[in-house]
Amino acid sequence: MLGSFKHAWNRRSLKDDAYAWLFEPYYGDEVVVFDTETTGLDTKKDEVLSIGAVKVKGDRILTSESFEIFLKPSREISAESIKIHHIRPCDLEDAVEPLEGIRRFLNFIGNRPLVGYYLEFDMAMINRSIKPWLGINLPNQQIEVSGIYFDKKIALIPQANIDLRFDTILRDLNIPRMGQHNALNDAIMTAMVYIKLKHTIKLH
């Protein structure tokens, strides 16, 4: 009941009816797996530098329908920050204004469910850009892969201390780590985790 109330309140807050389709029920068989690279982990002051996303249809990762965009930061990115996200100033030469990047992202995801790892953080970063513009938080259904992994592990070993680090999940599911660390590669790896978990009954 609380969820439906929040959804209705969110819908009433929409400033631009051109985006009313975000609130329409989704009946298809696709999800969008996405990841962000940011200047830091503070959702109140840090900025999104890039967004990577890929569609998954059934059990297929549609790499031909991937999305990657770089956003212009409001200030120079620090050397410490670069060590974390590996995005250099030269990578941002063709970056777009944040609002334009978010607009393109919305058009890519539509009203499909969104899948991610540590998705709450990525959603908070995206919503911080959307809220002043559209007056809403993204209403798309959210699917957290670490939550699915935890549920499957704890069902096998109820007293276990579950390691939810991304590298641990990849190893446990025998998924290779892609070489270059960026938002799109992380989204593709997360998509592989999502598909594997849908079909995995027993984990190591």
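Look above for the structure.
Once that is clear, we can look at the overall build of the chain. A tally of helices and strands in the chain yields seven helices and five strands. When the helices and strands of the chain are listed from N to C terminus, the series reads α-β-β-β-α-α-β-α-β-α-α-α. Radius of gyration (C-alpha) of the chain: 17 Å, near the 17 Å computed for a compact globule of 204 residues. In the chain, 68% of the contacts between residues at least 6 apart in sequence involve partners at least 24 apart. Within the structure as shown, the chain displays about 11,200 Å² of accessible surface, and the carbon and sulfur contribution to it stands at 54%. Seen as two clouds, the 26 positive and the 28 negative side-chain charges of the chain have centres 4 Å apart.

As a further point, take the packing of helix α3 (residues 98-109) against helix α4 (residues 119-134). Interaxial distance between α3 and α4 falls to 10 Å at its minimum, and their mutual angle equals 95 degrees. The orientation of α3 relative to α4 falls into the category roughly perpendicular. The residues of α4 that touch α3, namely those facing L99, I102, R103, F105 and L106, are I126, S129, I130, W133 and L134. For the contact of α3 with α4, the per-class residue count stands at eight nonpolar, one polar and one charged.

As a further point, take the nonpolar core. In globular proteins that are soluble, nonpolar side chains generally tend to be buried together. Within the largest apolar cluster, 30 residues are counted, with the highest numbers of intra-cluster contacts made by F34, I51, F105, L106 and L138. Elements represented by at least two residues in this core include exactly β1 (30-38), β2 (48-57), β3 (60-70), α3 and α4. Counting residues per element, this core draws most heavily on α4, which supplies eight residues. Not counting residues up to four positions away in its chain, the partners in contact with I51 are F34, D35, T36, F67, E68, I69, L71, I102, F105, I126 and A183. If you look at the next biggest cluster of nonpolar residues, it comprises 22 residues, including V31, V115, Y149 and I195.

Attention now moves to unusual backbone geometry. Its identity as a non-glycine residue notwithstanding, Y118 has a phi of 60 degrees, on the positive side. Examined against the element boundaries, Y118 turns out to sit in the loop between β4 (114-116) and α4. A positive phi angle, near 60 degrees, is found at N174, a position not held by glycine. The topology assignment puts N174 in the loop between α6 (166-172) and α7 (183-199). According to the relative accessible area criterion, N174 is exposed, its value standing at 56%.

As a further point, take the sheet that holds β2. Sheet strands pair by backbone hydrogen bonding; their relative direction is either parallel or antiparallel. Taken in spatial order, the five strands of this open sheet run β3-β2-β1-β4-β5, and their pairing is mixed. Of all strands in the sheet, those bounded by a partner on one side alone are β3 and β5 (142-144). Mean inter-strand twist for the sheet, computed between neighbouring axes without regard to direction, equals 25 degrees. Of the strands in this sheet, β1, β2, β4 and β5 are in contact with α4, which crosses β1 at around 75 degrees. Together, β4 and β5 form the strand contacts of helix α5 (residues 145-156), whose direction differs from that of β5 by roughly 50 degrees.

Rules of the game
- Residues numbered from 1 in each chain as written.
- Predicted model: local features only at pLDDT ≥ 70, side-chain atom pairs only at ≥ 80, totals over all residues.
- Heavy atoms only, no water.
- Helix = DSSP H or I, 4+ residues; strand = E, 2+ residues; numbered from the N terminus.
- Rg over C-alpha atoms; globule rule 2.2 N^0.38 Å.
- Contact = heavy atoms within 4.5 Å.
- Areas by Shrake-Rupley, 256 points an atom, 1.4 Å probe, with all protein chains shown as cover.
- Lys, Arg positive; Asp, Glu negative; His and termini not counted.
- Charge placed at Lys NZ, Arg CZ, Asp CG, Glu CD.
- Axes fitted to C-alpha atoms, helices over the stretch in contact; angles between N-to-C directions.
- Parallel < 35°, antiparallel > 145°, perpendicular 65-115°, else oblique.
- Nonpolar A, V, L, I, M, F, W, Y, C, P; charged D, E, K, R; others polar.
- Core = buried A, V, L, I, M, F, W, Y, C linked by side-chain atoms within 4.5 Å.
- Buried < 20%, exposed > 50% of the residue type's maximum accessible area, 1.4 Å probe, protein only.
- Pairing = 2+ DSSP bridges.

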